[in-house]
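If you want the building blocks of each chain, they are given just below.
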Amino acid sequence: MANKSKLVLVTGGAGRMGRALCRALIGKGYSVRALVKKKEDIGKLPAGVVPFIGLLSDMSVLEEATAGVDFVIHAAGAVGVTGKKLSDLLETNTVGTANVVSACKNNACTRILFPSTIDVYGRYRKEVLTELSEPKPSDNYGFTKLGAENKIIEGGLAYTIFRVSTIYGPEYEASFFKVFKAIVEGKLAIIGNGKNHLSIVHINDVVRAFLLAMENPAAKNQIYNLSDGVAYTQEGLMDTAADLLHAERPKRHVNKMLVAVIAKAYHLDSDELRFLTSNRVLDITKIRSQLGFEPSVDINKGGGELVKMFLERYHQV
């Protein structure tokens, strides 16, 4: 196949995003390596992926894994802040990224691609966010991912950085299922007035964006916002979920100050609550114009698939 001569390393290859990327890359004809934490993770990799076992602190393994590699997709990292110390987030997200960049430079890799997060902008912004908007992280996760971005940009290696919205789809369903359950049971309440804006993107479109960037030289040394391009409101998303579930739309509103009560009622962790109460409108004009990216999964299709999975899992069909 056309891409067989191109070698790609995916760090975090056994993770949710890593596995999706590996499957797509193999399907496109790339030769694929994956960095995984432990031997048991090898079984999670798609057929045809060559594993390397080690942590982001293992420089000898990183050097070996990046030898002869064209593209490195650095998908390994700690996500969110629930149950995590700042020191651990820094060690994984920022220092770990610096180690990957160092290994890539030593082996003259063509480019590193990195899934960052829109949390580098902070969780509460009034303006429409473009790639030129000032990063203002409001939590340790966003802070350490911005640090990772800086390590990549300052590293002197060609890069493509994606500031990714909250991902949904297969293997990203757990948080959404909590909300679905509350809706079906008639317990869900809108937090605040429900007019805050939420940004999401389907995992399939995340993978497509990476493939487009690898195949397009215009993506070199660029940062891209990545979402499905829709400015949802919290209330609007809940209404859509209720409609797909054939359940009654939530009508009750609760004060944002009652987040502790809300979290306990819906079994939500702090990251899930922060998503529901965030306010960000993302502009994806740049990735559309430069890479020809168009979201392929809308909320009715992607949400419908999640609802079907939810109903089947909880024997409600």
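In every chain, residue numbers begin from 1 and rise along the written sequence. The predicted nature of this model means local features are confined to residues of pLDDT at least 70 and side-chain atom pairs, given and counted, to a pLDDT of 80 or more, with totals for whole chains, interfaces and linings taken over all residues. Calculated side-chain values reflect all of the structure's heavy atoms, with hydrogen atoms and water omitted.

Asks: Explain the pairing of strand 15 (residues 279–282) here, please?
Replies: Buried means the residue's accessible area, taken with a 1.4 Å probe over protein chains only, is under 20% of the maximum for its type, while exposed means over 50%, and partly exposed covers the values in between. Helix and strand definitions here come from DSSP, where helices need a minimum of 4 consecutive H or I residues and strands a minimum of 2 consecutive E residues; each element is numbered from the N-terminal end. Residues Arg 280 and Leu 282 point to one face of strand 15 and are all buried, whereas Asn 279 and Val 281, pointing to the other face, are not buried. Any two strands between which DSSP finds at least two bridges are classified as paired. Taken together, the 3 bridges between strand 6 (residues 124–129) and strand 15 define a ladder with parallel strand orientation. Within strand 15, the residue paired with Val 128 across the bridge is Val 281.

Asks: I tried to follow the sheet that holds strand 12 (residues 222–226) on my own but got confused; where do I start?
Replies: Strands in a sheet are paired, the pairing made by backbone hydrogen bonds, and the direction either parallel or antiparallel. As summarised here, the arrangement of the 7 strands in space is 3-2-1-4-5-7-12, forming an open sheet in which the pairing is parallel. The sheet terminates laterally at strand 3 (50–53) and strand 12, the two strands that pair on one side only. Strand-to-strand, the axes of this sheet are offset by a mean angle of 20°, without reference to chain direction. Contacts were defined at the residue level, with two residues in contact if any of their heavy atoms lie within 4.5 Å. To define axes, lines are fitted to C-alpha atoms, for helices over the stretch in contact only, and angles between the resulting N-to-C directions are given on a 0 to 180 degree scale. Helix 2 (residues 59–66) rests against strand 1 (7–11), strand 2 (31–36), strand 3 and strand 4 (71–74) of the sheet, and its axis sits at about 170° to strand 2. The strands touched by helix 3 (residues 86–106) are strand 4 and strand 5 (111–117); relative to strand 4, the strand with the most contacts, the crossing angle is about 175°.

Asks: Please clarify how the layout of surface pockets should be interpreted in this entry.
Replies: Gaps between atoms show up when a probe of the same size as a water molecule is rolled over them. A 1.4 Å probe that fits into a set of points on a 1 Å grid over the protein atoms alone but cannot get out defines a cavity; an open set with protein on both sides within 12 Å along at least five of seven lines defines a pocket, and lining residues are those with an atom within 4 Å of a point. Grid points are joined across faces, edges and corners, and a volume is the space filled by probe spheres set on the points. In this model, the second largest pocket occupies a volume close to 190 Å³. Around the second largest pocket, the lining comprises 13 residues; the ones closest to its centre are Phe 177, Lys 178, Lys 181, Tyr 266 and His 267. Those elements that provide at least two residues to the lining of the second largest pocket are helix 5 (174–184) and helix 8 (259–266). Counting residues per element, the lining of the second largest pocket draws most heavily on helix 5, at 5 residues. In this classification, Asp, Glu, Lys and Arg are treated as charged, Ala, Val, Leu, Ile, Met, Phe, Trp, Tyr, Cys and Pro as nonpolar, and every other residue, Gly included, as polar. Taken together, the residues of the lining of the second largest pocket break down into 6 nonpolar, 1 polar and 6 charged.

Asks: What's the story with helix 6 (residues 203–215) in this structure? I'm lost.
Replies: Along an α-helix, residues three or four positions apart point the same way, because every turn accommodates 3.6 residues. If you check helix 6, its first and last C-alpha atoms are 19 Å apart, about what 13 residues at 1.5 Å a residue would give, namely 18 Å. Where helix 6 is concerned, the buried positions are Ile 203, Asp 205, Val 206, Val 207, Ala 209, Phe 210, Leu 211, Ala 213 and Met 214. By this rule the span expected of a helix is its residue count minus one, scaled by 1.5 Å.

Asks: Sorry if this is basic, but what is going on with the packing of aromatic side chains here?
Replies: The geometry of two aromatic rings is summed up by the distance between their centres and the angle between their planes. Pairing of aromatic rings covers Phe, Tyr and Trp, the last counted by its six-membered ring, and requires centre-to-centre distances within 6.5 Å; plane angles under 30 degrees mean stacked, over 60 mean edge-to-face, and any other angle means tilted. Scanning all chains against the criterion turns up 8 aromatic pairs. Ring centres 5.0 Å apart and planes at 45° place the aromatic pair Phe 310 and Tyr 314 in the tilted group. For Phe 310, a relative accessible area of 1% corresponds to the buried category. One aromatic cluster is present, built from ring pairs that chain together Phe 177, Phe 180, Phe 310 and Tyr 314. In this analysis the charged atom, NZ for Lys or CZ for Arg, is taken to sit over a ring once it is within 6 Å of the ring centre and within 35 degrees of the ring normal. Stacked on the ring of Tyr 224, the Lys or Arg Lys 286 has its end atom at 5.3 Å from the ring centre.

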